[in-house]
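# Examination of the molecular architecture
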Amino acid sequence: MYALIKETKAFGAEYREVEEKSLAAGEIRIAVEAAAICGTDIHYYKWDQAAENFASAFNVELPLILGHEFAGSIVEVGPGVEDKKVGDRVAIETHIPCGKCYQCQNGDAHNCNSTGIYGTTCDGAFADFAIAPASVAFKLPPSIETAEGALFEPAGVAMRGIDEANIKPGETVLIYGCGPIAIFAIQMARVCGAGTVIAVDINGYRVDMARKFGAVGINSTKDDVYSEVMRIAAARGGVDVVLELTGSPAVYKTVFDLIRREGRLVTIGHPPGEVPINFTKNVNLKGLSVKGIFGRRIWNTWWQLSGLVAGKKLDLMSVVTHRYKYEQHQEAFDMTAGNAGKILFMK
Ligand SMILES: NC(=O)c1ccc[n+]([C@@H]2O[C@H](COP(=O)([O-])OP(=O)(O)OC[C@H]3O[C@@H](n4cnc5c(N)ncnc54)[C@H](O)[C@@H]3O)[C@@H](O)[C@H]2O)c1
Ligand SMILES: [Zn+2]
Ligand SMILES: [Zn+2]
């Protein structure tokens, strides 16, 4: 089969023929129908500092098949797989829990003490066929297109953030960032009862995209975020909740001023290093709740998302702006730096 492979710790990847491995116990082979590019893939493709950090944290071994956001049909099941069969259409959870640690045994398997990460600690899915443990495969309901299933993993990050944000009817929600996960979150916040959703980005194309999905868009390179937010939320003393989806340390200098007393901050974007925060002023005296997110709840988040997509409350495909063949990988990865939403590889 053919696969997009990271060969060396340098820029780029190679699309070439590779030998198919045989299945171990508990594994399934999936004919990949669609796969999306994630930030992690971009770091690996460029091989930047973040890639170096991931590589040392998770003992990444090259060559590695890239890609982890995908869906397809099962073509083979390994020994011992009983709950999945050939022909089932599945999407894959990236966090591969050990099943044995305290977190795994107490309802927090998404944050397992020794988690595997699909496409990092094992080969990924930018390929004709992908191998995964059956235990991390989620069966797609009949009403959901397989390609849409490829977006369950990133949309699941937004779904988890929205769930933890605990939005009450009519609340004012601020989504910091207008990248693909943020655009999913805007749709979800509206479905889950927000009165007003505000979205901020430095990229005009993405702010326009946020507006198309019903958010009040603020381009922070042109407009003052504080005065725009207070124009909407002054009566509350700020917004009820912020979902941080930029990963930019700069955002933490001003984000607390936008949130009302006793409000909530859900942090999802990963700043690359340390971020100074005045806890007395911004957290204690304000009575703020801060919740960090790492991955989707297994399987709560998946069922929440699947229910909203099957019920036509969310249209995940509307966040896709570009589709490519694997042969066009250079063009596809170039596009991630530009004006784009989610980018899909399709067979
Ligand atoms: N916690 C988790 O489990 C988890 C999982 C997946 C992704 N993530 C993180 O979530 C974040 C969002 O993911 P994505 O795929 O949508 O990323 P993305 O990089 O496509 O989007 C980030 C957006 O933030 C904007 N931005 C950057 N600096 C900004 C600033 N100072 N002010 C306003 N906007 C700014 C960028 O223009 C971009 O549109 C990333 O940081 C990613 O690493 C976290
Ligand atoms: Zn991802
Ligand atoms: Zn575990």
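The rules behind each value
Residues numbered from 1 in each chain as written. Chains lettered and ligands numbered in written order. Predicted model: local features only at pLDDT ≥ 70, side-chain atom pairs only at ≥ 80, totals over all residues. Near = placed C-beta within 6 Å. Helix = DSSP H or I, 4+ residues; strand = E, 2+ residues; numbered from the N terminus. Nonpolar A, V, L, I, M, F, W, Y, C, P; charged D, E, K, R; others polar. UniProt positions renumbered as here; feature names shortened; annotations may be inferred. Domains from an automatic or database assignment. Contact = placed C-beta atoms within 7 Å. Axes fitted to C-alpha atoms, helices over the stretch in contact; angles between N-to-C directions. Parallel < 35°, antiparallel > 145°, perpendicular 65-115°, else oblique.

## What to know about the site of ligand 1
Neighbouring ligand 1 are 26 residues, the closest being Gly 177, Gly 179, Gly 247, Ser 248 and Gly 269. Elements with a contribution of two residues or more to the shell around ligand 1: α6 (180–191) and β12 (196–201). The dominant element in the shell around ligand 1, judged by the number of residues it contributes, is α6, at three residues. Of the residues that constitute the shell around ligand 1, the class distribution is 13 nonpolar, 11 polar and two charged.

## Considering the UniProt feature "domain: Enoyl reductase (ER)" (unreviewed entry) in the protein chain
The UniProt feature table records "domain: Enoyl reductase (ER)" (unreviewed entry) at residues 12–345. The distance separating the terminal C-alpha atoms of residues 12–345 is 16 Å; by composition the span is 29% helix and 25% strand.

## Quick notes on the domain arrangement of the protein chain
According to the domain assignment, the protein chain contains domain 1 (2–150 + 315–346) and domain 2 (157–292). Centre-to-centre, using C-alpha coordinates, domain 1 lies 29 Å away from domain 2. Taken together, the contact pairs six residues of domain 1 with six residues of domain 2. Here the residues of the side of domain 1 that touches domain 2 sort into three nonpolar, two polar and one charged.

## Focus: the packing of helix α5 (residues 152–165) against helix α11 (residues 300–310)
It is at 9 Å that the axes of α5 and α11 come closest, and there the two elements cross at 100°. In terms of orientation, α5 and α11 fall into the roughly perpendicular class. Facing α5, whose interface residues are Phe 152, Ala 155, Gly 156, Met 159, Arg 160 and Asp 163, α11 presents Thr 301, Trp 302, Gln 304 and Leu 305. Counted by class, the contact of α5 with α11 contains five nonpolar, three polar and two charged residues.

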